[in-house]
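# Residue-level structure breakdown
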Amino acid sequence: MVDAAIQHDVLVVGAGLAGMRAAVAAREAGVDTAIISKVHPMRSHSGAAQGGINAAVAKDDSWENHWFDTVKGSDYLADQDAAEILTRLAPDNIRELEHQGCLFSRWQDGRIATRPFGGAGFPRTCFVADITGHVILQTVYEQVLKNGVTVYEEFFVVSLIVEDNVCRGVITLDMSTGKLSAVRAKAVVFATGGSGRVFYKSTNSLISTGDGVAIAYRAGAPVEDMEFIQFHPTTLASNGVLITEGARGEGAYLLNSEGDRFMFKYAPTKGELASRDVVSRAEWTEILEGRGVNGCVLLDLRHLCEARIQERLPQIRELAIDFAGCDPVNAPVPIKPGAHYTMGGIRVDKTCASTVQGFFAAGECSAVSVHGANRLGGNSILETVVFGKIAGVSAAQYAREHDYASFPSSALPDQESRRNALFQTTGKEKVAVLRDAMQAVMNEHFHIFRNEAQMAAGVNKVRQLRERFANVAINDHSMVFNTALTEAFELDAMLDLAEIIALGALARKESRGAHARIDYKDRDDANWLKHTVITRSPEGPKLSYAPVTMGKFQPMERVY
Ligand SMILES: Cc1cc2nc3c(=O)[nH]c(=O)nc-3n(C[C@H](O)[C@H](O)[C@H](O)COP(=O)(O)OP(=O)(O)OC[C@H]3O[C@@H](n4cnc5c(N)ncnc54)[C@H](O)[C@@H]3O)c2cc1C
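This is a predicted model, so every value here is computed, not measured.

### Some details on the overall build of the protein chain
Scanning the protein chain for helices and strands turns up 17 helices and 21 strands. Over its C-alpha atoms the protein chain spans a radius of gyration of 22 Å, differing by no more than 12% from the 24 Å that the globule rule assigns to 560 residues. The principal-axis extent of the C-alpha atoms belonging to the protein chain is close to 65 × 50 × 50 Å. Looking at the protein chain as a whole, 62% of its 560 residues qualify as buried. Counted over contacts in the protein chain with a minimum sequence separation of 6, partners at least 24 positions apart contribute 73%. Surface accessibility of the protein chain: about 20,200 Å² in total, with carbon and sulfur atoms responsible for 51%.

### Some details on the sheet that holds strand S11 (residues 229-236)
Read from one edge to the other, the open sheet built from four strands follows the order S11-S14-S13-S12, with strand pairing classed as antiparallel. With one partner strand each, in any of the chains shown, S11 and strand S12 (253-255) form the two edges of the open sheet. Taking each pair of neighbouring strands and ignoring which way they run, the sheet shows an average axis angle of 45°. With six bridges connecting them, S11 and strand S14 (residues 333-342) associate as antiparallel partners. The residue bridging Phe231 from the neighbouring strand is Ala339, located in S14.

### Observations concerning the site of the ligand
What surrounds the ligand is a group of 38 residues, the closest being Ser44, His45, Ser46, Glu364 and Ser380. Separating a nitrogen atom of the ligand from a side-chain N or O atom of Asp211 is a distance of 2.8 Å. Within the side chain of Ser380, an N or O atom sits 2.6 Å from an oxygen atom of the ligand. In the complex, the protein chains occlude 98% of the 1,000 Å² of accessible area that the ligand would expose alone. Contributing elements (two or more residues each) for the shell around the ligand: helix H1 (17-28), strand S2 (33-37), strand S7 (155-163), S14 and helix H12 (380-401). For the shell around the ligand, the residue count by class is 15 nonpolar, 19 polar and four charged.

### So, H1
An ideal rise of 1.5 Å per residue puts 16 Å on 12 residues; H1 measures up with 16 Å between its terminal C-alpha atoms. With 10 of 12 residues buried, H1 lies mostly within the body of the structure. Buried within H1 are the following residues: Leu17, Ala18, Gly19, Met20, Arg21, Ala22, Ala23, Val24, Ala25 and Ala26. Gly30 sits one or two residues past H1 and shows a positive phi near 95°.

The rules behind the values
- Residues numbered from 1 in each chain as written.
- Predicted model: local features only at pLDDT ≥ 70, side-chain atom pairs only at ≥ 80, totals over all residues.
- Heavy atoms only, no water.
- Helix = DSSP H or I, 4+ residues; strand = E, 2+ residues; numbered from the N terminus.
- Rg over C-alpha atoms; globule rule 2.2 N^0.38 Å.
- Buried < 20%, exposed > 50% of the residue type's maximum accessible area, 1.4 Å probe, protein only.
- Contact = heavy atoms within 4.5 Å.
- Areas by Shrake-Rupley, 256 points an atom, 1.4 Å probe, with all protein chains shown as cover.
- Pairing = 2+ DSSP bridges.
- Axes fitted to C-alpha atoms, helices over the stretch in contact; angles between N-to-C directions.
- Near = heavy atom within 4 Å.
- Polar contact = N/O pair within 3.5 Å; in protein donor to acceptor, adjacent residues only side chain to side chain.
- Nonpolar A, V, L, I, M, F, W, Y, C, P; charged D, E, K, R; others polar.
- Expected span 1.5 Å × (residues − 1).

As structure tokens, then:
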């Protein structure tokens, strides 16, 4: 057994919205709480969220409508009890953020303004212009500081320590010194964000590499529904940067090369504001059928006029000018679908508990299953605050009821050997080369439209990359901020996730939400209304299936 130098009742990994909200809740419940994050909290990807956060705060709206839209949007794969919690608690969470100082945009009469978002039956997306995530992250960070949560920033977690199915803590790398240490905790919460960087030109930050999901999977926690990757309809072709759905929410049109607003062909009622999977498939079909503009379609905001664009969408105007060379005030912006969001993640129940004792997860790295096969825009930052808080409360309760479990003596030396092996190998492979190759494979073989032969070939290519990773060499052997080393750890994680995504997708012989197969075009509720669950075994990833929690909404044909 080792004497871990650092120990905390509750240890949260991740300082995005989910992690910080969890830490504040645990601290408020009276237990000693710390956060570990590989970047400064304010650099977490949550800070990039643009368009808004959903809640039925408007007079004529109701949380039940929001619940239904969420379940329909998920293509009926969301657990309806979890989606109920998300939507029922949403308005109170907005009010709480407001009381903590979050400056939501408002109507003239002072009420919180809401904008329409895709797949929603009512305009229920609250926002702060187009910098919503940044402002909410600032608000929650203030609460972290106020409540005396310890923050270890620029510490990189490399493994989760589980023995006899009980979580004991983590091993973490202090990036400023290169030192690996054991951190004990009574309860651990992972809030490590999405895995967007498994794909090419994702909208996600460079840090969204899915480490937490892979680390939990390796430690024995099952992962769920990872084959469902959201391609966002409006990303810039040059670099994958996001143009918020808020643009269409404010009234922007999608046009093809013939100047047609083509969306009404695919979604007769909602048009541009159908749910994201529907819009991305429509755009891609237009492009495949020759009605694209240099591999893109056009997002036209011109009719909104300069004053409104400047008031509601100032950031995306800047992004379009800087990265697409066009000002949306007087020219349509070329956009295309890009990898954006990981619907699946670490499998947890409604209290955010995984099947590993003392191990919890919340936010984009988790699958409490409110998004099912397709997430609605604006529901993700809502999930981080609602379920972040629940995870913190659950972890604090667990920590009060349990003592520190012993920490296996091999855990730290194992990770030191892993790092040393990366330094000492004489292999010739480079992290950047393998990462580019993996992203290209995932975009080519697991894109918006999928089929058997293409996916089977993709699985083989991912496995070949995993074999090549054994020969990865790192030239930089320094101990101070060695990003070559952390990038190798990130790639190691992403290769696991690429295989999990690929296997789940290949096995699912239907089209549901973001998983669209040209060889199985229909949703097949009789055989596939179930969650994919993947667990690590000595023979490799083991697939099984788990029932979806149904409720009052029976699956119907999904039209917009
Ligand atoms: C450009 C963009 C715009 C978006 N806009 C919206 C929107 O308008 N509305 C909406 O609802 N959703 C939006 N989303 C989605 C939403 O922002 C994210 O799903 C959500 O913010 C994720 O929050 P999180 O707390 O789960 O993770 P993140 O905010 O991604 O934070 C992850 C944290 O984990 C830490 N971490 C990860 N790995 C490790 C490790 N190995 N060791 C230590 N720390 C680690 C990181 O340092 C970071 O602090 C958007 C996403 C993007 C990319």
